[in-house]
Structure formats: structure tokens, C-alpha cells
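Coordinate inspection notes
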There are 2 protein chains.
Amino acid sequence: MQPSIAVADDLATQYLLRIGDTALILAQRLGEWTGHAPVLEEDIALANMALDLVGQARAVLSHAGAIEGAGHDEDQLAFLREERDYRNATLVELPNGDGRPGDFAFTVLRNAMAATFFRLLWTRLQASSDAELAAIAAKAVKEARYHQEHSADWVVRLGDGTAESRRRMLAALDTAWPYAAELFADDAVDEAAAASGLGPRWGELRADWESQMAEVLAEADLPAPAASRFLSTGKRGVHSEHMGYILAEMQHLQRAYPGGVW
Amino acid sequence: MQPSIAVADDLATQYLLRIGDTALILAQRLGEWTGHAPVLEEDIALANMALDLVGQARAVLSHAGAIEGAGHDEDQLAFLREERDYRNATLVELPNGDGRPGDFAFTVLRNAMAATFFRLLWTRLQASSDAELAAIAAKAVKEARYHQEHSADWVVRLGDGTAESRRRMLAALDTAWPYAAELFADDAVDEAAAASGLGPRWGELRADWESQMAEVLAEADLPAPAASRFLSTGKRGVHSEHMGYILAEMQHLQRAYPGGVW
């Protein structure tokens, strides 16, 4: 059994892990839909988004390993950390909703929230002082634009659809929306990234994110949820009860057979 | 709950269902690896192959629905048939191997067997008298070529790798190989396709398939398995005990929410 790796806690590494892990864990959740989407076309779309996100995670984690300087590659970072060393926002670790593989309304709403965030983030990261990160962002921003448009279309279709689809979308909003606040709660990691030019404070993206989401919700005839005081803490390594299950699924093969070679 | 659809049993429809279903069910099995492959790069490769296969299945089933003439679309064909109306070769419905999500050696060996077959089939189908099928084949043959090369590389790497990887590959050969015979067992469906120019008798592909597989096994330093008298029957709708579980997974959402709209 492969032991866990310890990860450097410098602020630049943490900033990159927050990006890479948020993409990685959302990809896991989307991957659960493979073979289960309501129509084949959507099965393909969700799997494509999962693939894009794994690709982004792989690029960012590989770069994080390089700047961390401890010789960890992207697979060690993806598969061999302890739960508290994963720095994804809690939003993406929430289950897809009730049932297996989950609730489609929740899935597309969360995708819209995450993709809107990622598109804004990648747009800014194209100007990163870190040339490698800027290059990753230039590719990823195109993918995020598609993810945002595709998922926003579904939010509108379901929100403004049947009574049942609307009921599900309202329930999804109740569940997912409170987890948005964490994305924009700045701390020392954001301050350091802003100071070095590595990337923006995520809080700087809040106004644009809210206005773009408000536009989608208006078109879907869905009420904008009220703000709450709840603040999730995945970016600091303190995760929901769902995270352990995701990691158990993700890690068992890599831990049993490190490097994929028996 | 959405009821099952009945599918026309004309020979041309059956020929197309055998192709589309074999791609569809293999895609389901590959999709089970999403998030679980030994390294991120391979996770992406398996998911890409699953996507290609779903795309091929969607195109072929859509076309089968059109020529069947009962107004069934590809989603109804993919999700609303009874088990006996699925016409995939049994090989692709076998589980990925012991454990979850399965055994990587079995997975890559089956992929090599299936992709070698599909590449030969798509190559021939480019000359189909059915222009739509020929167009599908022209795109699919490029995808199958990549699948074949990628999976053959893994067969060699594992067969000629460590003692443990070789042991697993030998076990995978014992399990998977006897299911190849079904691919090449011609019947009235093949005769009709050959007569109309729709496509080749699958048995015509056998010699090339055996020689290409023999080459890979030789490079992997693996013994070519002996022929057996076992003949599986999935192409005729008589499936292994594993098929019901796959369909339960695939169908529950579509049956509960037909058309993906609540």
C-alpha cells in the first residue's frame, strides 16, 4: 500500500491546488454520469466536460508539483494526498443529488455555477506572471466557455420547463447556492497570488459571477437565492462528509498499484 | 415508468444493432473506469475511447431507427429495449475483471480485441451500399485505429512487464479469448448484409483479426490461446448474467424520465 505524500504549504502551491483540485473533484462527479445521462447526447456532453476538467487538473497539478519542488508528479498529487491536503471548494464535492447517479437538475446547476467561475478565473489567469499557468489558462478558458454555455442552456430549459423540472431546479438552488460564497472568500493565499501576479484574488471575480448567474436565473424564471451566512471550507482542507467517499473511490487503485504498473 | 419498445427483426436492422450495441455496451464498461484509472493520463484515454464508442453507437442506432421505420430514435433504442433485443457480442458485456472498477489487464486486453475487430469492420463498412453507414464508418475507422494502437501498447507493456502484470494478462487471456469466436460466427444476418452490400460477413474478418492479434501477443511474449468450442450468443440476444446489471444501470433514468425532460 502506497503511503500518502506530504505537500508543501507555501501559498503559491496552495493557490494552484485550489484550482487543480476543484477541477479534479468536479470531474469525478461528472464522470459518475457516464452511461447514465437521460439522453446519449448529454452523456457525451457530460463526459466531454469531465475530460476537459481532468485535463485542466492534470496540467495544473503537474505545474504545482514542479513549483512545489518536492518532486511530486501530477498522479501523486491527484491520488496520494490525505483528505485535508485537497484544496477544492466544497461545492464540487457535493453529491450529484439524490439517487444514482444523481439529480440532473442539481448537476447542471452546479456545472453552471462552477463553469461561470472557472471562465472568469481562467480569463484572468491568462495574464498570470507565471507563463506556464498563463498557457494552461489560454486553453482552459475556451473549454470553460463551452461548459458555461452548455450548462446555462440546461438551467434555462429545466427552470422554465415543466412543473417537475422547475421544482427540481428550485431544490437544486437551495442546496448548491450557499456553497458559492466560499469561492469568493479571500485569505492569505489570494493575497499572495495577487501580490506576486500569479493570479487574481478570487473575491475579485464575485461581481461578474453574480451578474452572469443572475442573467441565467432570470432567463430561467428562477428567483435569485438570498445570501446566507454559511461559509464552506474545502479550500482550506476542511471538507464535507462526502469527500472521504470520493477519495476512497479515486485512490484505491493508485494506492494498491503505484504508478499503474504491477 | 416508460415501457419497453419492440424492435423490428428484419436482418438489416439486426446487423446495425449488432454494431451499435457492441459499441454501446463496451462504452459502458470503459465508462466505469472514469476517475479510477491508475494514472490520470490513462483515465483520460479510457474516457476518450468511451466517448468515441458512444458517438459511434449513437450514429449507428440513429440510423437503425431510421431504416427500421418504426420511428424509434437512438435514445429509445439505447435505453428502452428488453435485454433480449440487445444484440451486442457477449465479449463487451463481461465485467472489467475482479474488484472495482475492475482489472486493468483484462480491460486493455478486451479493448485490443474489440478495437482490432472494429477497425477491420469499419474499414470494410466504408464501402457499404448504405451511404449513411459508409459515412459513419469513415469517421469511426480513425477512432478505432487509435483505440487499437493504444490498447495494443498496453497489452505489450503488461504482458512483457513485471511478473504480476504478466500473471494478470495471462488470466485475462483465459477469460476473454473464448468470447472472440462469437464475433466471427456468421448467420442469416451476415448473409443478408453480404448479399445486399450493407456490409461484410463478420466471419470474413477473422483471418486478419487473428493475424493482428497474434502479432501483438508475440510482441507481448504471451502465448496465443488455444481455440475452444465455446460460442457465446449475445449477437442473438441471449446474454450472459452480467447484461441485466448493465441495463439496470443504463436504463433507470431514461425509464423514469423519458426524453430527459421531467
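Refer to the structure presented above.
Residues numbered from 1 in each chain as written. Chains lettered and ligands numbered in written order. Predicted model: local features only at pLDDT ≥ 70, side-chain atom pairs only at ≥ 80, totals over all residues. Heavy atoms only, no water.

Take the pattern of salt bridges next. Per the stated rule, a full pass over the model turns up 30 salt bridges over all chains. One salt bridge in this structure joins Arg58(B) and Glu41(A), with 3.7 Å as the shortest N-O distance. Taken as a pair, Arg58(B) in helix 2 (residues 40–68) and Glu41(A) in helix 2 (residues 40–68) lie in two separate chains rather than in one. Here Arg58(A) makes a salt bridge to Glu74(A), at a shortest N to O gap of 3.4 Å. (Salt bridge = Lys/Arg side-chain N within 4 Å of Asp/Glu carboxyl O. Helix = DSSP H or I, 4+ residues; strand = E, 2+ residues; numbered from the N terminus.)

Below, the discussion takes up the nonpolar core. Trp122(A), Val155(A), Trp122(B) and Val155(B) are the most contacted members of the largest nonpolar core, which has 170 residues in total. Setting aside chain neighbours within four positions, we find Trp122(B) in contact with Ile19(B), Gln56(B), Val60(B), Ile136(B), Ala137(B), Ala140(B), Val141(B) and Ala144(B). (Core = buried A, V, L, I, M, F, W, Y, C linked by side-chain atoms within 4.5 Å. Buried < 20%, exposed > 50% of the residue type's maximum accessible area, 1.4 Å probe, protein only. Contact = heavy atoms within 4.5 Å.)

The subject of this paragraph is the interface of chain B and chain A. By convention, interface size is frequently given as the accessible area that disappears when the constituent parts associate. Residue-level contacts link 44 residues of chain B with 44 residues of chain A. The contact between chain B and chain A buries some 4000 Å² in all, and 64% of this surface belongs to carbon and sulfur atoms. Put simply, chain B and chain A have two salt bridges between them. Linking chain B with chain A are two residue pairs in polar contact (both at pLDDT 80 or more). Counting residues per element, the side of chain B that touches chain A draws most heavily on helix 2 of chain B, which supplies nine residues. (Buried area = accessible area lost by both parts, 1.4 Å probe. Polar contact = N/O pair within 3.5 Å; in protein donor to acceptor, adjacent residues only side chain to side chain.)

With an RMSD of 0.0 Å, the operation that places chain B on chain A is a rotation of 180 degrees combined with a shift of 0.0 Å along the axis. As the rotation angle and translation indicate, the two copies are arranged about a two-fold axis. Both copies present the same face, since 100% of the interface residues in chain B are matched by interface residues at the equivalent positions in chain A. (Least-squares fit on C-alpha atoms with pLDDT ≥ 70 in both.)

Residue and element names in this part refer to chain B. Position of Glu 182 relative to the elements: it lies in helix 7 (residues 180–183). Looking at Glu 182, its side chain comes within polar contact range of the main-chain nitrogen of Thr 90, at 3.0 Å. Glu 182 has contacts with Asn 88, Ala 89, Thr 90, Leu 231, Ser 232, Thr 233, Gly 234 and Lys 235, leaving out every residue within four places of it along the chain.

Before going further, it helps to examine the packing of aromatic side chains. On inspection of all chains with the given rule, the structure shows 20 aromatic pairs over all chains. Judged by centre distance (6.0 Å) and plane angle (70 degrees), the ring pair of Phe117(B) and Phe184(B) falls under edge-to-face. Of the two residues, Phe117(B) is situated in helix 4 (residues 104–125) and Phe184(B) in the loop between helix 7 and helix 8 (188–196); the sequence distance between them amounts to 67 residues. For Phe117(B), a relative accessible area of 1% translates into the label buried. Considering the side-chain rings of Phe118(B) and Trp122(B), the 6.0 Å spacing of their centres and the 15 degrees angle between planes classify their relative orientation as stacked. Highlighted residues: Phe118(B) and Trp122(B), both in helix 4, separated by four residues, approximately one helical turn. This pair shows no difference in class: Phe118(B) is buried, exactly as Trp122(B) is. One residue, Arg81(A), lies across the ring of Tyr86(A), its end atom 4.2 Å from the ring centre. (Phe/Tyr/Trp six-rings, centres within 6.5 Å; stacked < 30°, edge-to-face > 60°. Lys NZ or Arg CZ within 6 Å of the ring centre and 35° of its normal.)

This part takes up the layout of surface pockets. As a volume, the largest pocket reaches approximately 1100 Å³. Along the wall of the largest pocket there are 39 residues; nearest its centre are Arg100(A), Glu249(A), His36(B), Arg100(B) and Glu249(B). For the lining of the largest pocket, the element with the most residues is helix 9 (residues 243–256) of chain A, which contributes five residues. Of the residues assigned to the lining of the largest pocket, the class counts are eleven nonpolar, 20 polar and eight charged. (1 Å grid on protein atoms, 1.4 Å probe; cavity = no way out; pocket = protein on both sides within 12 Å on 5 of 7 lines; lining within 4 Å. Points joined across faces, edges and corners; volume = space filled by probe spheres on them. Nonpolar A, V, L, I, M, F, W, Y, C, P; charged D, E, K, R; others polar.)

Our next topic: unusual backbone geometry. Although it is not a glycine, Asp221(A) adopts a positive phi angle of roughly 60 degrees. Within the fold, Asp221(A) resides in the loop between helix 8 (206–219) and helix 9.

Residue and element names in this part refer to chain A. With 14 residues, helix 8 extends 20 Å between its outermost C-alpha atoms, agreeing within 8% with the 20 Å of an ideal straight helix rising 1.5 Å per residue. Along helix 8, the residues classified as buried are Trp 209, Met 213, Val 216 and Leu 217. The buried residues of helix 8 all sit within an arc of 95 degrees when viewed along its axis, so they share a single face. For helix 8, exposure combined with an orientation more than 90 degrees from the buried face picks out Ala 207, Glu 215, Ala 218 and Glu 219. Looking at the buried side of helix 8, the elements it contacts are helix 4 (104–125), helix 5 (131–159) and helix 6 (163–176). (Expected span 1.5 Å × (residues − 1). Arc of directions from axis to C-beta.)

We now examine the packing of helix 2 of chain A against helix 2 of chain B. Two numbers describe how helix 2 of chain A lies on helix 2 of chain B: the axes approach to 10 Å, and their chain directions differ by 160 degrees. As the angle between them shows, helix 2 of chain A and helix 2 of chain B are arranged roughly antiparallel. Viewed along their axes, helix 2 of chain A and helix 2 of chain B form a crossing whose handedness is left-handed. In this structure, helix 2 of chain A uses Leu40(A), Glu41(A), Ile44(A), Ala47(A), Asn48(A), Leu51(A), Val54(A), Gly55(A) and Arg58(A) to contact helix 2 of chain B, whose residues at the interface are Leu40(B), Glu41(B), Ile44(B), Ala47(B), Asn48(B), Leu51(B), Val54(B), Gly55(B) and Arg58(B). When its residues are assigned to classes, the contact of helix 2 of chain A with helix 2 of chain B shows ten nonpolar, four polar and four charged. (Axes fitted to C-alpha atoms, helices over the stretch in contact; angles between N-to-C directions. Parallel < 35°, antiparallel > 145°, perpendicular 65-115°, else oblique. Left-handed = near helix turned anticlockwise from the far one by under 90°.)

On to helix 2 of chain A. Its 29 residues place the ends of helix 2 of chain A 41 Å apart at the C-alpha level, agreeing with the 42 Å of an ideal helix rising 1.5 Å per residue. Gly69(A), located one to two residues past helix 2 of chain A, shows a positive phi value of around 80 degrees.

Here we take up the environment of Leu170(A). Within the secondary structure layout, Leu170(A) lies in helix 6. Each C-alpha atom, one on Leu170(A) and one on Tyr146(A), is 24 Å from the other, the two residues being 24 residues apart in sequence.

Among the secondary structure elements, Asp174(A) is positioned in helix 6. Asp174(A) sits 51 residues away from Pro225(A) along the chain, and the two C-alpha atoms are 7.4 Å apart.

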